[in-house]
Amino acid sequence: MYKINPTTNKTINTELALIRSVNPEQALKLRQLYNNLECKTFTTIPETGVELVKHYNGEIASFLLTSLGNTLIEHIEFEEVEELDIPEIETTDVVDRFAFIETTEIKDMTAAELNLVLVQRIGSDLEAQTNSMQAGSKIRLDELDILKDRLISNIESKGLNREKVELKLANALALTKIHSGSSLATGPDGNLAVYDYINSSLKTECANFVFMAKLDGNKTKPLEILILKATLKTYKEEVARGKLPVTSSELNLAITRMISGLKPTSEEALSKLDNLTF
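As the structure is a prediction and not an experimental result, all values here were calculated from the model. (Residues numbered from 1 in each chain as written. Predicted model: local features only at pLDDT ≥ 70, side-chain atom pairs only at ≥ 80, totals over all residues. Heavy atoms only, no water.)

**Focus: the packing of helix H6 (residues 111-122) against helix H12 (residues 249-260)**
Turning to step 1, where the next piece is worked out: One way to put it is that H6 packs onto H12 with a least axis distance of 10 Å and a crossing angle of 140°. Classified by the angle their axes make, H6 and H12 are oblique. For the pair H6 and H12, the crossing hand works out as left-handed. When H6 is examined against H12, the residues Ala-111, Leu-114, Val-117, Leu-118 and Arg-121 are found in contact with a partner set consisting of Leu-251, Ala-254, Ile-255 and Met-258.
Turning to step 2, where the next piece is worked out: Considering only residue class, the contact of H6 with H12 consists of eight nonpolar, no polar and one charged. (Axes fitted to C-alpha atoms, helices over the stretch in contact; angles between N-to-C directions. Helix = DSSP H or I, 4+ residues; strand = E, 2+ residues; numbered from the N terminus. Parallel < 35°, antiparallel > 145°, perpendicular 65-115°, else oblique. Left-handed = near helix turned anticlockwise from the far one by under 90°. Contact = heavy atoms within 4.5 Å. Nonpolar A, V, L, I, M, F, W, Y, C, P; charged D, E, K, R; others polar.)

**With respect to the packing of aromatic side chains**
Where two aromatic rings form a pair, the distance of their centres and the angle of their planes describe that pair.
Turning to step 1, where the next piece is worked out: This structure, assessed with the given rule, holds one aromatic pair.
Turning to step 2, where the next piece is worked out: Ring plane angle 85° and centroid distance 5.3 Å describe the contact between Phe-42 and Phe-78, whose orientation is recorded as edge-to-face. In this pair, Phe-42 is assigned in the loop between helix H2 (24-37) and helix H3 (49-53) and Phe-78 in strand E2 (residues 78-80), connecting sequence segments 36 residues apart. With respect to class, Phe-42 is no different from Phe-78; both count as buried.
Turning to step 3, where the next piece is worked out: The ring of Phe-209 has Lys-229 lying over it, and the distance from NZ or CZ to the ring centre is 5.2 Å. (Phe/Tyr/Trp six-rings, centres within 6.5 Å; stacked < 30°, edge-to-face > 60°. Buried < 20%, exposed > 50% of the residue type's maximum accessible area, 1.4 Å probe, protein only. Lys NZ or Arg CZ within 6 Å of the ring centre and 35° of its normal.)

**Here we look at the nonpolar core**
Turning to step 1, where the next piece is worked out: With 49 residues, the main nonpolar core has Leu-114, Leu-169, Leu-173, Met-212, Leu-228 and Ile-255 as its most contacted residues.
Turning to step 2, where the next piece is worked out: Secondary-structure elements contributing two or more residues to this core are H6, helix H8 (133-158), helix H9 (162-180), helix H10 (210-213), helix H11 (220-240) and H12.
Turning to step 3, where the next piece is worked out: If we skip the residues at most four places from it in the chain, Met-212 touches Leu-144, Lys-148, Leu-173, Ser-183, Leu-184 and Leu-226.
Turning to step 4, where the next piece is worked out: Among the nonpolar cores identified, the runner-up in size contains 20 residues, and Leu-37, Leu-65, Ile-76 and Phe-78 belong to it. (Core = buried A, V, L, I, M, F, W, Y, C linked by side-chain atoms within 4.5 Å.)

**Some remarks on empty space enclosed by the protein**
Turning to step 1, where the next piece is worked out: Considering all chains together, one arrives at one cavity of 30 Å³ or more under this definition.
Turning to step 2, where the next piece is worked out: What lines the largest cavity is simply Ile-12, Glu-15, Leu-16, Ile-19, Leu-30, Thr-71, Leu-72 and His-75.
Turning to step 3, where the next piece is worked out: Of all elements in the fold, only helix H1 (8-22) and helix H4 (62-73) reach the threshold of two or more residues within the lining of the largest cavity.
Turning to step 4, where the next piece is worked out: With four residues, H1 is the single largest residue contributor to the lining of the largest cavity.
Turning to step 5, where the next piece is worked out: In terms of residue class, the lining of the largest cavity is built from five nonpolar, two polar and one charged. (1 Å grid on protein atoms, 1.4 Å probe; cavity = no way out; pocket = protein on both sides within 12 Å on 5 of 7 lines; lining within 4 Å. Points joined across faces, edges and corners; volume = space filled by probe spheres on them.)

Have a look at this one:
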């Protein structure tokens with residue numbers, strides 16, 4: 001079995017930047033095609049664009065697919081993966097999963113590690129419920145990537161300020177959360193509801209959505225933080241039912257910092273105060 005090698009991401013991003021400068025629409029469709037195929041498994045390595053797009057199951061018109069596939073096949077690499085039966089999880093594996101908790105300070109933990117701190121307490125049944133959102137979030141983040149790709153195209157073609165565009169997207173995600181219950185909610189037309197708020201004149205507190213609005217194309221951290229937020233929600237529900245104790249202030253602070261993207265003040269940041277002019 002074969003999958004697209006993750007190292008291809010960098011090559012694809014570089015190639016899309018080149019294509020976007022002359023044909024933004026093609027770059028957008030190529031991003032959509034690649035996002036759909038990057039998690040697919042292939043029995044043999046596709047040799048042509050036609051073979052590649054046979055695995056696509058999205059909404060790009062069929063008459064475009066062959067051309068897009070021929071372009072994409074030139075820039076992707078594949079790696080062989082073993083087709084394994086997933087064994088039952090043994091107790092020792094579960095214990096090893098949490099071994100870092102004894103050696104890592106809470107303030108130094110990643111989003112994935114903070115999630116496991118909560119997971120250790122809520123138990124495997126509730127963990128399974130929380131993890132069920134991972135696949136859905138991955139798909140929605142793929143769709144968010146398509147939106148970001150168009151924004152990057154607009155930045156380059158219209159000379160927009162990148163930071164202002166990211167802040168506008170963060171605000172739109174926050175408004176979507178308020179009005180639709182989730183920042184990645186789907187609208188009536190089947191697209192992300194955030195499209196309906198991206199140009200809104202309404203302003204709201206959006207600091208907690210800045211991590212999702214970054215235009216760097218990295219889905220790993222946003223996905224880990226979304227999972228952390230889902231686990232935290234599950235944990236709080238169990239606390240409200242009296243089944244779990246409240247989390248410590250240290251853990252609360254670490255999770256809040258991770259979700260908001262804030263970091264402890266550095267000496268480098270403080271040094272910027274040394275040369276104030278008046």
